[in-house]
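# Structural characterization, general
This is what each chain is made of:
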Amino acid sequence: MIRHALAEGWLLLRSRGLISPVLALALAIPISLAGVTISVRQWLAPVIELGDRESVVSILLHPRLDGAERRTWMSEQAATHPQWQLATVEPDELAERLATWFPYLEEILDREGPEMLPTMVEIRTRDPQGVLVLKEDLSVLAVGPTSSVNQVVGRVARQFALMLISVVVALIAGAVLLAAVWVHLELHRHAEEIAIMRLMGATEATVRGPFLVAVAAPALLAAAASVVCTVLAVGFMARLAAPLGLTTAGVSPLILFVQVVGAVGLPMAAAFITLERYASADD
Amino acid sequence: MIRIRGATKDYDRRQILRGLDLSVDAGEMVFLTGPSGAGKTTLLRLLYAAERPTSGEIWVAGSRVDTLARSELPQLRRKIGVIFQDFKLLRRKTVLENVTFVLRFHGIAQREAHRRAYRVLKRLGLHHRQSALPEALSGGEQQRVAIARALVYQPRLILADEPTGNLDADLASELLSLLCDINYQGATVVLATHDHALLESLPARTLVLRRGVIDYDGMWPP
């Protein structure tokens, strides 16, 4: 039976001429592009993580608050926002920072002492925008910047990665569609032969064998082409991305494995489903 | 060999067979005749399980055909040699390949398959065309290839649907003699035809099908 499948499958392939390898390469294109896209998506992972890091938002408390009121305010905020880590910046440290940023203040600070400064509180959080609610708080004099460069870069990288995943999904859908149409047309072309073979007493395995061989051979070609194209394209893109400071890596073996499974599995699954539908239509 | 009880077959509310009852013993030779549209081809299609009856029971070679699972169909069909009205030859295969490929389903080795196919083709006068593709053959030659394919594995039951439709009188007579030989060797033959000359050339049990029922069952001419 295997000999029959191989012999008849080879005849089917030969009768198709160059169409089978062309279809195989057409299937390899979306699968390779998907592999390349997933690899690039992996390179972006460290950049995306920047957006998930904690940010520190500084706020200034109103100078009219005395020590007890400040402590009460801090306790209330810690209870209301358990995701915040609040820390008071000591007056001496604040004075030091201000003197660094604004050297002309040094003299005033020396004269008046750091006690004249309002209390600064640093809030460590993953959601710096959430700190903006304190703008309405009468105990708060000012809220510092709530966005960081890291967060902006991380957010942009995340959006870009999402776009890449959408591209991968579209490419895989394209590959599935191509495989299904290819196999369906192939079987439709031989529908009469299949029907005659069944009427002559051929078993399902005998009928399906040659078609599965005829589909498997170009599918293996598509798998090989996908792997080679992906490795070459990712190597080329890594060289381009290196000056951007991205940590690039070669193609993951898992991606290559998934590509082989996809290139062989998709057309084979389409062949099984279509042959099953032909068989059911005979009932 | 064949037992049919109350078989009906409807197509789009049109009743082709109406409660047909029939019994054909092993080794019998039966002609099936009747006007066009009487249901001859439909009856044969039910026998080789190309279709299922709308109701009723059909038994062929010990198997109940109307309830047979798809996986059991090949086994039934290997017991039946069918000669189709429209030949049903594989267009991309040569005459010899068309005849030998069915032997593969029976597990017969290639050398033996070629030997048997050549013998049948020679008997049908087609051995010199064994390398030709069906499209290069005349209608009569294609008919003979279809006949060779049905006979090559010596089935226990032969169903022939208008097998002489494309043959001249001499070839039709030769075919009938071939089917008689096979019947003599023990095979059951059911031959659907509306060729009255053919019916009259051989006294055999004849079923006349009219409007989906058996109108006459006996020797021909009545």
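Described below are features of the structure shown in this document. In this text the structure is predicted, and so the values were computed from the model without any measurement. (Residues numbered from 1 in each chain as written. Chains lettered and ligands numbered in written order. Predicted model: local features only at pLDDT ≥ 70, side-chain atom pairs only at ≥ 80, totals over all residues.)

A count of helical and extended segments in chain B gives seven helices and 10 strands. Counting across all 222 residues of chain B, residues that qualify as buried make up 43%. Contacts in chain B between residues at least 24 apart in sequence constitute 65% of all its contacts with a sequence separation of at least 6. (Helix = DSSP H or I, 4+ residues; strand = E, 2+ residues; numbered from the N terminus. Buried ≥ 20, exposed ≤ 12 C-beta atoms within 10 Å, placed from the backbone. Contact = placed C-beta atoms within 7 Å.)

A word on the sheet that holds strand E5 (residues 63-64) of chain B. Residue and element names in this part refer to chain B. Strands sit in the order E2-E1-E4-E5 across an open sheet of four strands; the sheet is antiparallel. The strands lining the two open edges of the sheet, one partner per strand, are strand E2 (14-24) and E5. Inspection of the sheet shows strand E1 (residues 2-11) paired to E2 by seven bridges, in the antiparallel sense. Looking across to E2, one finds that Ile4 is bridged to Leu22. Sitting on the sheet, helix H1 (residues 40-47) touches E1, E2 and strand E4 (55-60), and the angle it makes with E1 is about 120°. (Pairing = 2+ DSSP bridges. Axes fitted to C-alpha atoms, helices over the stretch in contact; angles between N-to-C directions.)

Put simply, side chains in a regular strand alternate between the two faces of the sheet. Residue and element names in this part refer to chain A. Note: strand E1 (residues 55-61) against strand E3 (residues 120-125), six bridges, orientation antiparallel. When the bridges of E3 are listed, Ile59 appears paired with Val121. The pairing of E1 with strand E4 (residues 140-143) spans three bridges and is antiparallel. Within E4, the residue paired with Leu61 across the bridge is Val140.

Right, let's get into the sheet that holds strand E8 (residues 188-192) of chain B. Residues and elements named next belong to chain B. Across the sheet, six strands lie side by side as E6-E7-E8-E3-E9-E10; this open sheet has mixed pairing. Where the open sheet ends on each side, the last strands, each with one partner, are strand E6 (80-83) and strand E10 (213-219). Strand-to-strand, the axes of this sheet are offset by a mean angle of 15°, without reference to chain direction. Pairing between E6 and strand E7 (residues 157-161): four bridges, direction parallel. When the bridges of E7 are listed, Ile83 appears paired with Ala160. Lying on the sheet, H1 is in contact with strand E3 (29-33), E7, E8 and strand E9 (205-210); it crosses E7 at an angle near 150°. Seen against the sheet, helix H6 (residues 169-184) touches E3, E7 and E8 and runs at an angle of roughly 150° to E8.

Right, let's get into the interface of chain A and chain B. Taken residue by residue, the interface counts 12 residues in chain A and 13 residues in chain B. Breaking the side of chain A that touches chain B down by element, the ones donating at least two residues are helix H1 (2-16) and helix H7 (191-199) of chain A. The leading source of residues in the side of chain A that touches chain B is H7 of chain A, at three residues. In the side of chain A that touches chain B, the residues fall into five nonpolar, five polar and two charged. (Nonpolar A, V, L, I, M, F, W, Y, C, P; charged D, E, K, R; others polar.)

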